[in-house]
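Understanding the architecture of this molecule
Take a look at the letters that make up each chain.
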Amino acid sequence: MEQRDLQVSDREVYEAILGELKREQETLVMIASENYASSAVMQAQASVLTNKYAEGYPGSRYYGGCDYVDRVERLAIERVKRLFHAPYANVQPHSGSQANMVVYLSFLDRGDRILGMNLSHGGHLTHGSPVSFSGKLFEAFSYGVSRESHRIDYDQVRDLARRHKPRLIIAGASAYPRLIDFQAFEAIARETGAYLMVDMAHIAGLVAAGLHPSPVEAADFVTSTTHKTLRGPRGGVLFAKEQYGDRLDKGVFPGIQGGPLMHVIAAKAVAFGEALTPQFMEYQKQVILNARTLADKLTEHGFNLVSGGTDNHLLLLDLSSHGMTGADAERLLGQAGIVVNKNTVPFDKKGPKITSGIRIGTPALSTRGMGVDVMETIAGLIKMVLENPNSESVLKKTRNTVSELCTSYPIYGKPGLEK
Ligand code: DSN
């Protein structure tokens, strides 16, 4: 087979990738669920392992020639179990949604009741939203945060669980800036006879570093993505109590997936190895410190933060008092080179396409090496842009500062796909 570099063989795709690299280098990525995987992670993902079919599990495959992929999958499993002190792990789910689906389809019957966090209070689509399979296949109920504190209303969770007797309670969130009390969820699940699943996708890196309480002991099942705070390749992973392992393995394959993505599993193994290092713990400390600094500064600048602050890697700004929608704020900040996403805030009167808030996260900027001094600067930039929505000169000045910051904190060495 003739070997040609992508740069030569497919200019269109090459240039699109180069454009994305430039965008990631030249903007401040503050989407709370995004991060920069290491070059080693990307190297593993871009490897020949993409060529291999390996349905089944290490030592028990439906294809020959699996010696090396077996080695890689065993490494990934062993490392991730060590990282989270988990008795069982499955590294094959293609995504967090797939991992959640495996749990539901393995342990629930169609029409069973589930209880998850309201999407507009910070939950996730796959926790029972009517537009997702989770709300279509199961009878979904939702809990939320208290109107006063914006923290999860555990009394409401208990009341709903007692009243509706769900078969599964789901904890975990996509836009919740506070610690989650997994033991409180466990007590409610035990009292009401429900399984407990924790989707720790957003906080997995913090949990791995011991900076957020772990759900592994409290929950029957724990699901996660591997690419958010955990900083691996895009993908999913699943943990459970030992006794559920066989059923979950069958639930992944042949339940809902065919051939595992062995190149992605190799990249997961690399990321889990990185997460076991002391540097990773330092990184996660910085993620939290940066989020707190941003929260404090933005509060000083007169912004209203959902729950008044943050304990983790993200914060939610409620912009109602600034007379601005989340959609407008996302657009304005985007023009200035600060990339965030619009997000509903609890009890939002606006829909998900407009919203009253924005979600801001620090995992990606912390990976670039930015610290609290930069966060203080960025808080000032956010204030300038949002308080001067019609000022071209403010936009220009902000873009210049963003550009200087991005140049000082490169992501993968010099811009360009060439190493
Ligand atoms: N879409 C992800 C997020 O941005 O939080 C959750 O899956």
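Reference entry: report on the structure contained in this document. (Residues numbered from 1 in each chain as written. Predicted model: local features only at pLDDT ≥ 70, side-chain atom pairs only at ≥ 80, totals over all residues. Heavy atoms only, no water.)

Here we come to the site of the ligand. Inspection of the region around the ligand gives Ser 33, His 124, Ser 174, His 202, Lys 228 and Arg 359 as its neighbouring residues. Between the ligand and His 202, the relevant distance is 2.7 Å, taken from an oxygen atom to a side-chain nitrogen or oxygen of the residue. A distance of 2.8 Å separates an oxygen atom of the ligand from a polar atom in the side chain of Arg 359. When isolated, the ligand has an accessible area of 240 Å², and the protein chains bury 62% of it. Put simply, the ligand lies in the second largest pocket. Of the residues that constitute the shell around the ligand, the class distribution is no nonpolar, four polar and two charged. (Near = heavy atom within 4 Å. Polar contact = N/O pair within 3.5 Å; in protein donor to acceptor, adjacent residues only side chain to side chain. Areas by Shrake-Rupley, 256 points an atom, 1.4 Å probe, with all protein chains shown as cover. 1 Å grid on protein atoms, 1.4 Å probe; cavity = no way out; pocket = protein on both sides within 12 Å on 5 of 7 lines; lining within 4 Å. Sits in = over half its atoms within 2 Å of the grid points. Nonpolar A, V, L, I, M, F, W, Y, C, P; charged D, E, K, R; others polar.)

Under the criterion given, the structure shown has one cavity of 30 Å³ or more. In this structure, the largest cavity spans a volume of roughly 100 Å³. Around the largest cavity, the lining comprises 16 residues; the ones closest to its centre are Ala 173, Tyr 176, Ile 180, His 202 and Ile 203. (Points joined across faces, edges and corners; volume = space filled by probe spheres on them.)

Moving on to the sheet that holds strand S5 (residues 113-117). In spatial order, the strands read S4-S10-S9-S8-S7-S5-S6; together these seven strands make up an open sheet with mixed pairing. Pairing within the sheet leaves two strands with one partner each, and these edge strands are strand S4 (88-90) and strand S6 (139-143). The mean inter-strand angle of the sheet, taken between neighbouring strand axes irrespective of direction, is 20°. Where strand S9 (residues 221-225) and strand S10 (residues 236-240) come together, five bridges link them in antiparallel fashion. The partner of Thr 225 across the bridge, within S10, is Gly 236. Helix H4 (residues 67-84) contacts S4 and S10 of the sheet and is inclined by roughly 130° relative to S4. Against the sheet, helix H7 (residues 154-164) engages S5, S6 and strand S7 (168-171), with an angle of about 155° to S6. (Pairing = 2+ DSSP bridges. Helix = DSSP H or I, 4+ residues; strand = E, 2+ residues; numbered from the N terminus. Axes fitted to C-alpha atoms, helices over the stretch in contact; angles between N-to-C directions. Contact = heavy atoms within 4.5 Å.)

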